[in-house]
Amino acid sequence: MPKQVVTQRSRGFICINAHPEGCAVNVERHVEAARAARPKVASGAQPPQRVLVIGASTGYGLASRVALAWGYGARTLGLFFEREPEGERTATAGWYNTAAFHRFAGRDGLYAASLNADAFSDQAKRAAIEIIRRDLAPVDLVVYSLASPRRTHPRTGVVHNSVLKPIGTAYTNKTIDLSSRKIHEITVPPASEQEIADTVAVMGGEDWRFWIDALAAEGLLSPGARTVAYSYIGPELTWPIYWHGTIGRAKHDLEQTAAQLDARLAAAGGGHAWISVNKAIVTQASAAIPVVPLYMSLLFKAMKERGTDEDAAGQMRRLFLEVLAPGREPALDGERHIRMDDREMRPEVQAEVAALWPQVTTENLMALSDFTGFERGFKNLFGFDVDGVDYSQPVETDIRW
Ligand code: NAD
């Protein structure tokens, strides 16, 4: 393909194209930060060396992959579901992020393999198992970071669609229309029993368990293998739509799965399964939740003022290079969560957000919140508005690895 100038094209809260160079610059910054944070590993301690990341192309999964690869020199297999470039149509951001990941990994002599496939399918598991058997066996860490709107169940063929709805009663609160920047009230009707079950089928723990089952059945997990999946709890303000809603129900299912997997992996040789409760960050998945983008805009301001804000990459460096550093056992809360959202949930941060929430309007949005930061973060996800990129220059969009 001849090079082309790529300008951002959006539809509602979704951006329908991506800038390859902007994505590469984002990944490179995360790579450099992970390299700089590389911890000293005590002699005898075993950092993760062979890692499978499911949901590895954007958000927390990509951040995990970068932290592990450049923090410990881990060999990684990344799995994701992205659109490749076709003619003049750009690929999705996750595709370009992955191409950049491979470029930097090749430059730095790090093994990387990637699979663009539907993680919920048996074919994807078989394909991953082939690569692992050949290049990575046994795996010592599995990161499960999928965020998907739907799942075709591999046993029944039923297509489950997840919804972001409250349970029991309708929920009314302020939200922000991301294209018009107007704050308005939204009422989300309660989910039906079917919608709750469907959301649990997509975002609950069954597929995570299927992955661990498949790897264990093939003898591809190391004796002390660990696995971690991600969750979010947040403040009471968002509970009706998140923690007490359909997605929260799915996350509770994920927790039960973690407990079961933990017992199995521990019995198999001292391994573990954990849920890490992460901080709210701008991702394609979180921008789609009603109310949450406005909450994040207020949150980012409160955290930036205190110098405590972290992006996905910063969170995952802290998780893997500090909290889960070799030889260290993570502190868990009463529900067995690793609380990476500790800084978000500090009382003074939440008090500030709660005080501003009733006051914020379309007119004072920019003054009271960091909506500018939210918008920039959103554009950055797709490689736009990234410092150091000249968007007037034509770029190659047909990029592969
Ligand atoms: P994201 O949208 O940035 O990433 C989702 C990843 O899943 C991508 O790599 C995508 O390609 C992949 N994916 C989606 N469907 C797939 C499929 N069928 N097969 C293979 N890959 C598929 O999402 P994110 O926000 O980073 O979320 C990841 C996890 O972190 C989720 O469990 C989410 O609940 C959790 N989390 C997110 C936040 C937040 O604020 N964004 C906070 C805490 C926890």
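From a predicted model like this one, the values you see are computed outputs, not experimental measurements. Residue numbers run consecutively from 1 along every chain, following the written order of its sequence. Reporting of local features is limited, given that this is a predicted model, to residues whose pLDDT is at least 70; pairs of side-chain atoms are given and counted only at 80 or more, and all residues count toward the totals for whole chains, interfaces and linings. For the side-chain quantities, the full set of heavy atoms in the structure was used; hydrogens and water were omitted.

Draft legend 1. Here's a closer look at the packing of aromatic side chains. Side-chain rings of Phe, Tyr and Trp, where Trp is taken by its six-membered ring, are said to pair if the distance between their centres is within 6.5 Å; with planes under 30 degrees apart they count as stacked, over 60 as edge-to-face, and otherwise as tilted. Scanning all chains against the criterion turns up nine aromatic pairs. Ring centres 5.2 Å apart and planes at 90° place the aromatic pair Tyr232 and Tyr242 in the edge-to-face group. With a gap of 10 residues between them, Tyr232 in the loop between strand E11 (221–231) and helix H7 (246–267) and Tyr242 in the loop between E11 and H7 connect regions that are remote in the sequence. We note that Tyr232, like Tyr242, is buried. Ring pairing ties together the aromatic residues Phe80, Trp95 and Trp401, which thus form one cluster. The ring of Phe101 is capped by Arg65, whose NZ or CZ atom sits 4.1 Å from the centre of that ring. Sitting over the ring of Phe210, Arg155 keeps its end group 4.5 Å from the ring centre. The secondary structure listing takes helices from DSSP runs of H or I that are at least 4 residues long and strands from runs of E that are at least 2 residues long, numbered from the N terminus. Categorising residues by exposure relies on relative accessible area from a 1.4 Å probe, with only protein chains included: less than 20% of the type maximum marks a residue as buried, more than 50% marks it as exposed, and the intermediate range marks it as partly exposed. We call a charge positioned over a ring when the NZ of a Lys or the CZ of an Arg lies within 6 Å of the ring centre and within 35 degrees of the ring normal.

Draft legend 2. The arrangement of the sheet that holds strand E4 (residues 75–80) in detail. A sheet is described by the order of its strands in space; here seven strands give the open sequence E5-E4-E3-E6-E11-E12-E13, paired in parallel fashion. Two strands lie at the open edges of the sheet, namely strand E5 (112–116) and strand E13 (337–339), each paired on one side alone. Taken pair by pair, the neighbouring strands of this sheet meet at an average axis angle of 20°, ignoring direction. Along the sheet face, helix H6 (residues 206–217) touches strand E3 (50–54), E4, strand E6 (139–144), E11 and strand E12 (272–277) and points at about 170° away from the line of E11. In this analysis, strands are considered paired if DSSP registers two or more bridges between them. Throughout, an axis means a line fitted to C-alpha atoms (over the contacting stretch in the case of helices), and angles, computed between N-to-C directions, take values from 0 to 180 degrees. Working rule for contacts: check all heavy atoms of both residues, and any pair within 4.5 Å makes them a contact.

Draft legend 3. Main features of the nonpolar core. Among the nonpolar cores identified, the biggest contains 83 residues, and Leu52, Ile54 and Trp208 are the most heavily contacted of them. Ranked by the residues each element gives to this core, the list is headed by helix H8 (residues 292–305), at nine residues. Residues in contact with Trp208, not counting those within four places in the same chain, are Tyr144, Thr227, Val228, Ala229, Leu254, Thr257, Ala258, Leu261, Ala273, Trp274 and Ile275. If you look at the next biggest cluster of nonpolar residues, it comprises 24 residues, including Ala56, Phe80, Val143 and Ile281. In these notes, a set of buried Ala, Val, Leu, Ile, Met, Phe, Trp, Tyr and Cys residues joined through side-chain atoms within 4.5 Å is what counts as a nonpolar core.

Draft legend 4. Seen up close, the environment of Ala69. Summarising the element assignment, Ala69 is placed in helix H2 (residues 59–72). With relative accessibility at 2%, the residue Ala69 sits in the buried group. Taking the C-alpha atoms as reference, Ala69 lies 8.6 Å from Val31; in sequence the two are 38 residues apart. Sequence-distant contacts of Ala69, defined by excluding residues within four places in its chain, comprise Ala74, Thr76, Phe101 and Leu110.

Draft legend 5. Broad picture of the pattern of salt bridges. Put simply, a salt bridge is a Lys or Arg side-chain nitrogen that is within 4 Å of an Asp or Glu carboxyl oxygen. Here the structure, examined in full by the defined rule, presents 32 salt bridges. With a shortest N-O distance of 2.6 Å, Arg264 and Asp213 are connected by a salt bridge. Highlighted residues: Arg264 in helix H7 and Asp213 in helix H6, separated in sequence by 51 residues. Note on Arg264: relative accessible area 35%, which makes it partly exposed. The residue Asp370 makes a salt bridge to Lys304 at a minimum N-O spacing of 2.6 Å. A residue pair is termed long-range when its members are at least 10 positions apart, and Asp370 in the loop between helix H11 (365–368) and helix H12 (371–381) and Lys304 in helix H8 qualify at 66 residues. Take Asp370: its relative accessible area is 14%, and that puts it in the buried class. You can call Lys304 partly exposed: its relative accessible area is 44%. Look at the salt bridges and you will find they share partners, linking Glu28, Glu32, Arg35, Arg107 and Asp108 into a network.

Draft legend 6. Up close: the site of the ligand. In the vicinity of the ligand lie 29 residues, with Ser57, Glu82, Ala119, Lys251 and Thr283 positioned nearest. Any pair of N or O atoms that falls within 3.5 Å is considered a polar contact. Within protein, one atom must be able to donate a hydrogen and the other to accept it, and sequence-neighbouring residues count only if both atoms are side-chain atoms. Note that an oxygen atom of the ligand is positioned 2.8 Å from one of the side-chain N or O atoms of Lys251. Only the protein chains shown count as cover for residues, and the accessible areas themselves come from Shrake-Rupley with a 1.4 Å probe. The fraction of the free accessible surface of the ligand (830 Å²) that becomes covered by protein chains is 93%. Only heavy atoms are used to decide nearness, and a residue is near a molecule or strand if one of them lies within 4 Å of it.

Draft legend 7. Up close: the pairing of E12. Counting buried positions over the six residues of E12 gives six, a clear majority of the element. Along E12, one buried face is formed by His272, Trp274 and Ser276 and the opposite face, lined by Ala273, Ile275 and Val277, is buried too. Both E11 and E12 contribute to a ladder of six bridges, which runs parallel. Bridge pairing in E12 places Val228 opposite Trp274. Call a crossover right-handed when, viewed with both strands pointing away from you, the route from the first strand across the helix to the second goes clockwise. A crossover links E11 with its parallel partner E12, the connecting element being H7, and its sense is right-handed. Alignment of E12 against E13, held across three bridges, turns out to be parallel. Looking across to E13, one finds that Val277 is bridged to Arg339.

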